[in-house]
Amino acid sequence: MSASRPVRGRLAPSPTGFLHLGNAWAFLLAWLACRSKGGSLVLRMEDIDPDRSRPEYADAIIRDLRWLGLDWDEGPDAGGPAGPYVQSARMELYTDSLNRLGRAGHIYPCYCTRKELRTLAGAPHVGDAGAAYPGTCRNLPPERRAELEAAGRRPCIRLRCPSQNYAFEDAVFGPFSMTWEACGGDFALRRSDGVIAYQLAVVVDDAAQGVTSIVRGVDLLCSTPQQLYLQELLGLPAPDYYHVPLLTAPDGRRLSKRERDLEMGALRERYTPEALLGRLAYLAGICETPEPASTWALSRVFSWETVRKKNITIINP
């Protein structure tokens, strides 16, 4: 871990739904990890998915974060020198990086249809990445590509990943070594409809916005080799990664926007900000009791040494 550099964190919500308790949990830990070290914070709206992102969700997210007492130094509502802080306004940067990877021979077009990919998904999954892409289009000859395009196939763009395992260190769980199969194999950087993929966008943005510390759920652990490898290829600095346990429902699944689990709107009717923060801090292991607390009071006692490393089941939210 890079202990000597100034800490600069980020809150990076996707405005594809309303925040829920699991989001509040992850954002609180990200905020505390940064503010406890006197660091600065960026708020970035990751609205890269045009089909699901909505401005009303973005407005609600900002409102809920402020209600919790989680502030930031730069963001879509506050401005700053590293803007814009909305991904839909940063497309030129992503395209430039994709072109750089193309000139270096690191990418290739993939003509597999969604139906074909769903068939692949029937194979046993490894981790959270799902079934690994088997490299069907990796070495297609030019004439076969021309045939597929003439037939109306629109390719996505995939990154050529190495065959060897990828080793890295997580600041919470320690050293890891993962196979590229566990990370999904050659992953997409641009969808067939032209939408830039999450992995490329966040790598470009984290570097451009000076992010040095990333705190997120352990369900995104398999994204870390993908992002570190992209940083290597693009010559970008690597942030420190902190993966934290998840809040899970009694049936074991992680809380999600799709299931509308414990949305912030409902929680705001039942809790004060301090009461909810105190409960989350207690679940995290930061405090010994679930007493109400402010964000700044928690920042004075926050330590990674006390944060739990196993997922936590929410029974009586």
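About the criteria used
- Residues numbered from 1 in each chain as written.
- Predicted model: local features only at pLDDT ≥ 70, side-chain atom pairs only at ≥ 80, totals over all residues.
- Heavy atoms only, no water.
- Helix = DSSP H or I, 4+ residues; strand = E, 2+ residues; numbered from the N terminus.
- Rg over C-alpha atoms; globule rule 2.2 N^0.38 Å.
- Contact = heavy atoms within 4.5 Å.
- Phe/Tyr/Trp six-rings, centres within 6.5 Å; stacked < 30°, edge-to-face > 60°.
- Buried < 20%, exposed > 50% of the residue type's maximum accessible area, 1.4 Å probe, protein only.
- Lys NZ or Arg CZ within 6 Å of the ring centre and 35° of its normal.
- Expected span 1.5 Å × (residues − 1).
- Disulfide = S-S within 2.5 Å.
- Pairing = 2+ DSSP bridges.
- Right-handed = clockwise from strand over helix to strand, strands pointing away.
- pLDDT = per-residue confidence, 0-100.
- Polar contact = N/O pair within 3.5 Å; in protein donor to acceptor, adjacent residues only side chain to side chain.
- Salt bridge = Lys/Arg side-chain N within 4 Å of Asp/Glu carboxyl O.
- Core = buried A, V, L, I, M, F, W, Y, C linked by side-chain atoms within 4.5 Å.

### Points about the overall build of the protein
Turning to step 1, where the next piece is worked out: Across its full length, the protein carries ten helices and eleven strands.
Turning to step 2, where the next piece is worked out: For 317 residues, the compact-globule estimate of 2.2 N^0.38 gives 20 Å, and the protein sits close to it at 20 Å.
Turning to step 3, where the next piece is worked out: With respect to the three principal axes, the spread of C-alpha positions in the protein is 65 × 45 × 40 Å.
Turning to step 4, where the next piece is worked out: Within the protein, contacts between residues at least 6 apart in sequence are counted, and of these 75% link residues at least 24 apart.

### Side note on the packing of aromatic side chains
The relative placement of two aromatic rings is captured by the distance of their centres and the angle of their planes.
Turning to step 1, where the next piece is worked out: In the structure shown here, the tally under the stated rule is seven aromatic pairs.
Turning to step 2, where the next piece is worked out: Ring plane angle 85° and centroid distance 4.9 Å describe the contact between Phe-18 and Tyr-57, whose orientation is recorded as edge-to-face. With Phe-18 in the loop between strand S1 (8–11) and helix H1 (21–35) and Tyr-57 in helix H2 (residues 55–68), this pair connects stretches of sequence that are 39 residues apart.
Turning to step 3, where the next piece is worked out: For Tyr-57, a relative accessible area of 21% gives the class partly exposed.
Turning to step 4, where the next piece is worked out: With a centroid separation of 4.9 Å and an interplanar angle of 75°, the aromatic rings of Trp-31 and Trp-296 are classed as edge-to-face. Taken as a pair, Trp-31 in helix H1 and Trp-296 in helix H10 (residues 295–301) lie far apart in primary sequence, 265 residues in all.
Turning to step 5, where the next piece is worked out: The exposure class assigned to Trp-31 is buried, which follows from its relative accessible area of 0%.
Turning to step 6, where the next piece is worked out: Sitting above the plane of the Tyr-133 ring, Arg-158 keeps its charged end 3.7 Å from the centroid.

### Some words on helix H9 (residues 273–284)
Turning to step 1, where the next piece is worked out: Helix length check: H9, at twelve residues, gives a terminal C-alpha distance of 16 Å against a target of 16 Å (1.5 Å per residue), a fit within 8%.
Turning to step 2, where the next piece is worked out: Taken residue by residue, H9 has Pro-273, Leu-276, Leu-277, Gly-278, Leu-280, Ala-281, Leu-283 and Ala-284 as its buried positions.
Turning to step 3, where the next piece is worked out: Where H9 is buried, its residues meet H1, H2, strand S10 (247–248), helix H8 (264–270), H10 and strand S11 (312–313).
Turning to step 4, where the next piece is worked out: A positive backbone phi angle near 95° is found at Gly-285, which sits one or two residues after H9.

### A few points about the state of the cysteines
Turning to step 1, where the next piece is worked out: Taken as a whole and assessed by the stated rule, the structure comprises zero disulfides.
Turning to step 2, where the next piece is worked out: Lacking any disulfide linkage, Cys-110 is separated from the closest cysteine sulfur, that of Cys-112, by 3.8 Å.
Turning to step 3, where the next piece is worked out: Cys-161 forms no disulfide, and the closest cysteine sulfur to it belongs to Cys-183, at a distance of 8.1 Å.
Turning to step 4, where the next piece is worked out: Exposure remark for Cys-161: the relative accessible area of 8% places this residue in the buried category.

### Quick look at the pairing of strand S2 (residues 40–43)
Turning to step 1, where the next piece is worked out: The pairing of S1 with S2 spans four bridges and is classified as parallel. Across the sheet, Arg-8 pairs through a bridge with Ser-40, a residue of S2.
Turning to step 2, where the next piece is worked out: At this point the chain moves from S1, through H1, to the parallel S2, and the crossover so formed is right-handed.

### Focus: the pairing of strand S9 (residues 240–244)
Turning to step 1, where the next piece is worked out: Most of S9 sits inside the fold, with five of its five residues counted as buried.
Turning to step 2, where the next piece is worked out: Burial of the side chains of S9 extends over both faces: Asp-240, Tyr-242 and Val-244 are buried on one face and Tyr-241 and His-243 on the other.
Turning to step 3, where the next piece is worked out: Tracing the backbone out of strand S8 (residues 213–217), into helix H7 (residues 223–234) and back to the parallel element S9 gives a crossover that is right-handed.

### With respect to the confidence of the model for the protein
The predicted coordinates of low-pLDDT regions are not to be read in fine detail.
Turning to step 1, where the next piece is worked out: Here the protein averages 92 in pLDDT, and 93% of its residues register 70 or above.
Turning to step 2, where the next piece is worked out: Between residues 123–127, whose pLDDT stays under 50, and residues either more than four places distant or in other chains, the model counts five contacts.

### Quick look at the environment of Gln-199
Turning to step 1, where the next piece is worked out: By secondary structure assignment, the location of Gln-199 is in helix H6 (residues 198–208).
Turning to step 2, where the next piece is worked out: For the pair Gln-199 and Ser-223, spaced 24 residues apart in sequence, the C-alpha to C-alpha distance is 7.5 Å.
Turning to step 3, where the next piece is worked out: Setting aside chain neighbours within four positions, we find Gln-199 in contact with Phe-187, Ser-223, Gln-226, Gln-227 and Leu-230.
Turning to step 4, where the next piece is worked out: In terms of polar contacts, Gln-199 uses its side chain to reach the side chain of Ser-223, at 3.0 Å.

### Quick word on the pattern of salt bridges
Turning to step 1, where the next piece is worked out: The final tally for this structure, using the stated rule, is 16 salt bridges.
Turning to step 2, where the next piece is worked out: Where Arg-66 meets Asp-77, a salt bridge forms, and the shortest distance between an N and an O atom there is 2.3 Å. One end of the pair, Arg-66, is in helix H2; the other, Asp-77, is in the loop between H2 and helix H3 (91–103), and eleven residues separate them in sequence.
Turning to step 3, where the next piece is worked out: The residue Glu-116 makes a salt bridge to Arg-153 at a minimum N-O spacing of 3.3 Å. Linking Glu-116 in helix H4 (residues 114–120) with Arg-153 in the loop between helix H5 (142–150) and strand S4 (156–159), this pair joins segments that are 37 residues apart in sequence.
Turning to step 4, where the next piece is worked out: A single network of salt bridges, built from pairs that share partners, joins Arg-10, Arg-44, Glu-46, Arg-90, Asp-205 and Asp-206.

### Observations regarding the nonpolar core
Turning to step 1, where the next piece is worked out: Counting residues in hydrophobic clusters, the biggest one holds 49 residues, and the most contacted among them are Trp-25, Leu-65, Leu-247, Leu-276 and Trp-304.
Turning to step 2, where the next piece is worked out: Within the residue set of this core, elements represented by two or more residues are H1, S2, H2, S9, H8 and H9.
Turning to step 3, where the next piece is worked out: Here this core takes twelve residues from H1, the largest share from any one element.
Turning to step 4, where the next piece is worked out: Formed by 30 residues, the second largest nonpolar core is a distinct cluster that contains Trp-180, Ala-201, Val-203 and Ile-214.

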